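Observations on the three-dimensional arrangement
Next come the chains, spelled out residue by residue.
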Amino acid sequence: MSKRDPKRLPHDFHLWTAVASTIDPLRRKGLLKMAVGPLPLPVEEKPAAATKPPPKRKPPRQPFLPPYQAPLPSAAAPEKAVDPSIRKKVGRGRIEIDGRIDLHGMTQTEARGALHRFIHARFSRGDRTVLVITGKGVKTDSDYIAAMTERGVLRTMLPIWLSEPSLSPMVSGWSVAARGHGGEGAWYVRLRRA
């Protein structure tokens, strides 16, 4: 830390004195006495003889993140709901669930791969109704970022994965499961006939 030269005024002394004269302090005890009259002009410094050449300019660095691109409106996942009468029959147990997959504890990449393999295998077997368990996601009241976003990454991504070109020809629809099969943490997925 360098010491200031007491004879040299700060470069913003004029601004400070102009602002300070408009303020009424809370305590009068430690007031500075300002002299009335013109303000002193700052002393101009003369540049010293250049001993070093000026530093070379470095090229600008690349930004850490790519520039933001708004999502395309056509990228939204289409809603393909299972027929309400079929959903009701599955929920009540009148239509059997042919297979189940639990994606709890998986990363998005692992869960997407497992879902693709599962749907392909069940479609080739001729199954019609499968249950995909994603979980509801963690709800934390203390984390304001989590409170602002929708709960459950896998739960949010499942409709997007099911509408991908590799799975959409095999899937006729999906909807949230009944409470007895997992409620909001599980999905009924209805497959097309092979």
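Note that the coordinates shown come from a computational prediction; the quantities given were computed from them, not determined experimentally.

Counting its regular elements, the protein contains five helices and four strands. When its helices and strands are written in sequence order, the protein yields α-α-β-α-β-α-α-β-β. Counting all 194 residues of the protein, 25% fall into the buried class. At a minimum sequence separation of 6, the contacts of the protein that also span at least 24 residues come to 66%. For the protein, the exposed area adds up to about 16100 Å²; of that, 58% sits on carbon and sulfur atoms.

This structure, assessed with the given rule, holds four salt bridges. Between R125 and D127 there is a salt bridge, and its shortest N-O distance comes to 4.0 Å.

Among all positions of helix α5 (residues 153–162), only L154, R155, L158, P159, W161 and L162 are buried. Along α5, the residues classed as buried sweep out an arc of 160° about the axis, all on the same side. Packing partners of the buried residues in α5 comprise α3 (108–125), β2 (129–133), β3 (171–176) and β4 (186–191).

This part covers the sheet that holds β4. If you walk across this open sheet you meet the four strands as β1-β2-β4-β3, and the pairing is mixed. Because the sheet does not close on itself, it has two edges, and the strands there are β1 (99–102) and β3. Neighbour-to-neighbour, the strand axes of this sheet turn through a mean angle of 20°, independent of strand direction. Sitting on the sheet, α3 touches β1, β2, β3 and β4, and the angle it makes with β1 is about 175°. Here α5 sits on the sheet in contact with β2, β3 and β4, set at roughly 10° to β4.

Rules of the game
- Residues numbered from 1 in each chain as written.
- Predicted model: local features only at pLDDT ≥ 70, side-chain atom pairs only at ≥ 80, totals over all residues.
- Heavy atoms only, no water.
- Helix = DSSP H or I, 4+ residues; strand = E, 2+ residues; numbered from the N terminus.
- Buried < 20%, exposed > 50% of the residue type's maximum accessible area, 1.4 Å probe, protein only.
- Contact = heavy atoms within 4.5 Å.
- Areas by Shrake-Rupley, 256 points an atom, 1.4 Å probe, with all protein chains shown as cover.
- Salt bridge = Lys/Arg side-chain N within 4 Å of Asp/Glu carboxyl O.
- Arc of directions from axis to C-beta.
- Pairing = 2+ DSSP bridges.
- Axes fitted to C-alpha atoms, helices over the stretch in contact; angles between N-to-C directions.

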